[in-house]
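Residues per chain, in single letters:
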Amino acid sequence: MSEAAVAGSLPVVDWLKLPEGEDPYLEGHKCGDCGAIFLGVRSVCSKCGARDKLAPTKLANKGKLYSYSIVYRSFPGIEVPYISAVVDLEGGGTIKGNLIGVEPDPENLKFDMPVEVVYRDALGRKDADGNSYISYFFQPA
Amino acid sequence: MSDVYIMGVDMIKFGRFPDKTVPQLGAQAALMALDDAGLTIHDMQALYCGNLGQANAMVGQRILQEIGQTGIGVVNCANACATGATAFREAWMSIKAGINDVVLAVGVEQMGKGLLGGAGGGAGIPKEGLLGSGTMPAVFAEAGLEHSRKYGTTFEQFAKVSVKNHHHSTLNPKAMYQIETPLDVVMNAEMISYPNTKLMCSVNVDGAAAAVLVSEKKARELGMQRAVRVRASILTSDPYSDRDLVMPDVNAVTRKAAAEAWEMAGCGPDDINLVELHDCFATAEILHYENLGLCKDGEAGRMIDEGEVALGGRVPVNVSGGLLSKGHPLGATGIANIYEVSTHLRGEAGKRQVEGAKLGLTHVIGLGSACAIHVLEKVS
Ligand SMILES: [Zn+2]
């Protein structure tokens, strides 16, 4: 991870954490009563209904490909094709993102193939104020 | 509690009507359903209107401004692709509750062309194509490949759904398309989101459908010859499941609705003669054979391979052509499929008639998620 260190880059989602001088990571919120893991801050668990039992937890940077699609048609300006991947992380939590570093062909994609979470510039996308962003991606481990 | 009956039901031919307004399309279907029931707007005690695109714009009232401002109560519903079915169910509930004896339900939608799904709004930068895809073809492709990982379901099996439904629509003059699409044509069509090709995505069309629902007392008064009994009306939202918030779980929400529907109807999937289910994408239809209990888990691929779900098969699915070929005007779909099943139960479906149909089921899913199921029964 080097590009992430670009000063002033913002996280693509508020559950991607960019602690100064440390590696980026994804943060889940885990229910102390039932163990369900959510993305983003919340106060009530939608699995069991427990209130104020959700504590932040660092999500793993390793996981397995659960499902995917290869996207050939998207909205104007979005580069295709790309692999939209659903990944189950080690230790819990499921996230969705682009799988990179592999040709988008079903032949190359096996269910449960190991992937790692990597952090890169958000494909050059900038917001209205010109800020650049750091995103997470998957690549074959 | 009174049983509820459908006394009139109809739909306009689905298509593209840029010169019409949403209320005009809804009004057209409403008048057709009223004529079918032999009633007028003056007989209606309430209107339940489903529309998504203009959900904040009083579509139901504007329909009455087209066909008769009688001053009845109007409820406008929005529930994604379950919108029409939700309006129908609200109408059903008002009769079940004993509030009304005769009510009108209308579902209507005018669609643009192109992709549906989250374009990645909100603060920051667009997320589409960065954090995977929120487009509907991709979301349902991922749901389909989840079935592949469990049971080895193939691209070809998903594609066969589209071959079947396009074939069915050649027998339905109200469908958007009446075109045969052989397997190689479906599989070689433009790939939108693997494994969904363009011919495996539902068609964005304009459409409207409407139904007149009545109490048992009113049905006896009007005559039962063409009446259709509503044996079950169920609405669910997505129960918690592990990946639901990342990868919408269309299975759990349907399974919960199906279980409740069988309980309310007092019958089971083996009793059903035809099904109109939510084939928004070819991948989705395969999942719902199992979700609705039409076969055991893992047998959906075999169902499509062996033609059990084709017209003439054990339990024909989407003989209307389905969303894939009849078209999918979001707010109208949930009443259009009630029209289709009712038409078979009345023995009036012409060349696509499912012979001897006595019980049928309709199913829609609004992503986000809502599932509505209706079980309908032939009366006489
Ligand atoms: Zn919990």
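Bringing the nonpolar core into the picture now. Ranked by internal contacts, the top residues of the largest apolar core, which has 83 residues, are A:Leu26, A:Tyr136, A:Phe138, B:Val275, B:Tyr289, B:Ile373 and B:Val375. Other than its neighbours up to four places away in sequence, B:Val375 contacts B:Arg229, B:Val230, B:Arg231, B:Ala232, B:Ala261, B:Trp262, B:Ala265, B:Cys267, B:Ile272, B:Leu359, B:Gly360 and B:Leu361.

Before going further, it helps to spend a moment on the packing of helix H5 (residues 155–169) of chain B against helix H9 (residues 282–291) of chain B. Think of two packed helices as two axes; the pair is described by the angle between the axes and how far apart they sit. All names here are of chain B. Contact pair H5 / H9: the axes reach a minimum separation of 8 Å and the direction vectors enclose 95 degrees. As far as their axial angle goes, H9 and H5 are roughly perpendicular. Contacts from Gln157, Phe158, Val161, Lys164 and Asn165 in H5 reach Ala282, Thr283, Glu285, Ile286 and Tyr289 in H9. Here the residues of the contact of H5 with H9 are counted per class, giving 5 nonpolar, 3 polar and 2 charged.

The subject of this paragraph is the coordination of the zinc ion. Residues and elements named next belong to chain A. Protein ligation of the zinc ion involves Cys31 (SG), Cys34 (SG), Cys45 (SG) and Cys48 (SG), the donor distances falling in the range 2.3 Å. Each of the 4 donor atoms bound to the zinc ion contributes to angles spanning 103 to 114 degrees, and the resulting shape is tetrahedral. The motif formed by the donor residues of the zinc ion, counted along the single chain, is C-x2-C-x10-C-x2-C. A residue pair is termed long-range when its members are at least 10 positions apart, and Cys34 in the loop between strand E3 (25–31) and strand E4 (37–39) and Cys48 in the loop between E4 and strand E5 (54–58) qualify at 14 residues. Given the relative accessible area of 40%, Cys48 is considered partly exposed.

In this section: the pattern of salt bridges. All names here are of chain B. As enumerated under the stated definition, the model contains 27 salt bridges over all chains in all. One salt bridge in this structure joins Glu216 and Arg220, with 2.7 Å as the shortest N-O distance. Of this pair, Glu216 and Arg220 both sit in helix H7 (residues 216–222), 4 residues apart, which is roughly one turn of that helix. Look at Arg220 and you get exposed, because its relative accessible area is 56%. Between Arg302 and Glu299 there is a salt bridge whose closest N-O contact spans 3.1 Å. Accessibility expressed as a relative area gives 30% for Arg302, which makes it partly exposed.

This part takes up the interface of chain B and chain A. Chain B puts 35 residues into the contact, and the matching count from chain A is 41 residues. Taking both partners together, chain B and chain A bury about 3,300 Å²; carbon and sulfur atoms supply 62% of that area. Ranking the residues of chain B by area buried against chain A places B:Leu130, B:Arg149 and B:Tyr240 at the top, with a combined share of 21%. Scanning the region where chain B abuts chain A turns up 4 salt bridges. Residues B:Glu190 and A:Arg73 are paired through a salt bridge, measuring 2.9 Å at the closest nitrogen-oxygen approach.

Scoring rules and cut-offs
Counting restarts for each chain: residues are numbered from 1 in the order of the written sequence. A letter from A marks each chain and a number from 1 marks each ligand, given out in the order of writing. Local features in this predicted model are restricted to residues whose pLDDT is 70 or higher, and side-chain atom pairs enter the listing and the counts only when it is 80 or higher, whereas totals over whole chains, interfaces and linings include all residues. Values reported for side chains reflect all heavy atoms of the structure, with hydrogen atoms and water molecules removed beforehand. For the purposes of this section, nonpolar cores are sets of buried Ala, Val, Leu, Ile, Met, Phe, Trp, Tyr and Cys residues that join through side-chain atoms within 4.5 Å. Buried means the residue's accessible area, taken with a 1.4 Å probe over protein chains only, is under 20% of the maximum for its type, while exposed means over 50%, and partly exposed covers the values in between. Two residues qualify as a contact provided that any one of their heavy atoms is within 4.5 Å of a heavy atom in the partner residue. The axes used here are C-alpha line fits, helices contributing only the stretch in contact, and every angle between their N-to-C directions lies in the interval 0 to 180 degrees. Secondary structure counts use DSSP, requiring at least four H or I residues in a row for a helix and at least two E residues in a row for a strand, with both numbered from the N terminus. Each angle gets one of four labels, with under 35 degrees taken as roughly parallel, over 145 as roughly antiparallel, 65 to 115 as roughly perpendicular, and the rest as oblique. Under the convention adopted here, Pro, Cys and the residues Ala, Val, Leu, Ile, Met, Phe, Trp and Tyr are nonpolar, Asp, Glu, Lys and Arg are charged, and Gly plus all remaining residues are polar. Only N, O and S atoms count as donors, using a 2.8 Å limit from the metal and a wider 3.2 Å limit for Na, K and Ca, and since water is excluded some coordination spheres may look unfilled. Every angle between 85 and 135 degrees makes a four-donor site tetrahedral, while opposite donors more than 155 degrees apart, with all other angles between 65 and 115, make a four-donor site square planar and a six-donor site octahedral; other sites are irregular. One side-chain nitrogen of Lys or Arg within 4 Å of one carboxyl oxygen of Asp or Glu is enough to make a salt bridge. Buried area, as used here, totals the accessible surface that two parts lose on assembly, with accessibility defined by a 1.4 Å probe and the loss added over both.

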